[in-house]
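Spelled out, the chains give:
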Amino acid sequence: MVEEKRSKILQIIDSRTKVMALISIIAEALFLGSLVTLPSDQTLYALIACLSILIVTLIGITIIEYTEVKSTKALIENKDSTFLPEDIRGELNLSFIAKRDKLSKGQREILSYIEKNATSGGGVSQKHLEGKFSKHTGCYVYWRLEVLRYLGFVRKIEIGKNHNDTPLHSYVLTAEYKKKYSGHE
């Protein structure tokens, strides 16, 4: 149990912090190693220097971690801090009805098909959708599904992998879209 908690702590700490801690440990080891060669009247000063380096390093690590957590929270909480152009941000904030009205004919067909064929709680596989809309070539269906996903209409669920270890996906309506606007034309 203790070992599991330690491994989780090490996974949370980023690489920069680990490197700083390693440098601190090496510096401490060098100072402690030099204690045996110092005259006894300078030993106290060397110990104070070791303690100072350790404290400064710990404070530095804490400040870096705190700053990163704080800035990450600010980015998540502040929707205006996205790096999206204003026109795209505006479109993403539209209601589902307004977004749906802006869909291309092909995207609307795919969304309507998912609405009609997604079983309760289940979705429609990407392979099935690619077969249904096979008149379009290449990655047409995939990218239309991705746009529908980015707009918040559908959610992509990995349902397995094929023989090439490529993920297989199914698409379901998002709870928000289904609850508020599904079926409205």
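Data block above holds the structure.
Quick look at the structure, then. A quick note: this is a predicted structure, and the numbers were derived from the prediction, not measured.

**As for helix α8 (residues 140-150)**
All of the buried residues along α8 are Tyr-140, Val-141, Leu-145, Glu-146 and Leu-148. On its buried side, α8 packs onto α6 (105-117), α7 (126-132), β2 (154-161) and β3 (167-173). Downstream of α8 by a residue or two, Gly-152 has a phi angle that is positive, lying close to 95°.

**Thoughts on the sheet that holds β3**
Read from one edge of the open sheet, three strands run β1-β3-β2, paired in antiparallel fashion. Two strands close off the open sheet at either side, each with one partner strand: β1 (124-125) and β2. By the bridge criterion, two bridges tie β1 to β3 in an arrangement that is antiparallel. Counterpart to Ser-125 in the pairing with β3 is Ser-170. Against the sheet, α8 makes contact with β2 and β3, and its axis sits at roughly 130° relative to β2, the strand it touches most.

**So, α6**
Between its terminal C-alpha atoms α6 stretches 18 Å, which fits the 18 Å expected from 13 residues at 1.5 Å a residue. Where α6 is concerned, the buried positions are Gly-106, Gln-107, Ile-110, Leu-111, Ser-112, Tyr-113, Ile-114 and Glu-115.

**Let's talk about a nonpolar patch on the surface**
Side chains of Leu-51, Leu-54, Ile-55, Leu-58, Ile-59 and Ile-63 sit close together on the surface and give an oily, nonpolar patch of about 530 Å² of accessible area. Locating Leu-51 in the fold gives a position in helix α3 (residues 43-77).

**Some remarks on the pattern of salt bridges**
One pass over the structure, following the stated rule, counts five salt bridges. A salt bridge links Lys-156 to Glu-146, with the shortest nitrogen-to-oxygen separation between them at 3.1 Å. With Lys-156 in strand β2 and Glu-146 in helix α8, this pair connects stretches of sequence that are ten residues apart. Exposure remark for Lys-156: the relative accessible area of 24% places this residue in the partly exposed category.

**As for the nonpolar core**
Counting 19 residues, the largest nonpolar core has Leu-111, Ile-114, Leu-129, Phe-153 and Val-154 as the members making the most contacts within it. Counting residues per element, the ones that place at least two in this core are α6, α8 and β3. In this structure Phe-153 touches Phe-96, Lys-99, Arg-100, Leu-103, Leu-111, Leu-148, Val-172, Leu-173, Thr-174 and Tyr-177, once residues within four positions along its chain are discounted.

**As for the packing of aromatic side chains**
Applying the stated rule across the entire model yields five aromatic pairs. The interplanar angle of 65° and the centroid separation of 5.2 Å between the aromatic rings of Phe-96 and Tyr-177 together place this pair among those described as edge-to-face. Here Phe-96, found in helix α5 (residues 96-101), pairs with Tyr-177, found in helix α9 (residues 175-180); they are 81 residues apart in sequence, far enough to count as distant. For Phe-96, a relative accessible area of 12% puts it in the buried group. Plain terms: the ring middles of Tyr-142 and Trp-143 are 4.8 Å apart, the flat faces sit at 80° to each other, and that makes the pair edge-to-face.

Conventions and cut-offs
Residues numbered from 1 in each chain as written. Predicted model: local features only at pLDDT ≥ 70, side-chain atom pairs only at ≥ 80, totals over all residues. Heavy atoms only, no water. Buried < 20%, exposed > 50% of the residue type's maximum accessible area, 1.4 Å probe, protein only. Helix = DSSP H or I, 4+ residues; strand = E, 2+ residues; numbered from the N terminus. Contact = heavy atoms within 4.5 Å. Pairing = 2+ DSSP bridges. Axes fitted to C-alpha atoms, helices over the stretch in contact; angles between N-to-C directions. Expected span 1.5 Å × (residues − 1). Patch = residues over 30% accessible without salt bridge, like charges linked within 9 Å, V, L, I, M, F, W, Y side chains within 5 Å. Areas by Shrake-Rupley, 256 points an atom, 1.4 Å probe, with all protein chains shown as cover. Salt bridge = Lys/Arg side-chain N within 4 Å of Asp/Glu carboxyl O. Core = buried A, V, L, I, M, F, W, Y, C linked by side-chain atoms within 4.5 Å. Phe/Tyr/Trp six-rings, centres within 6.5 Å; stacked < 30°, edge-to-face > 60°.

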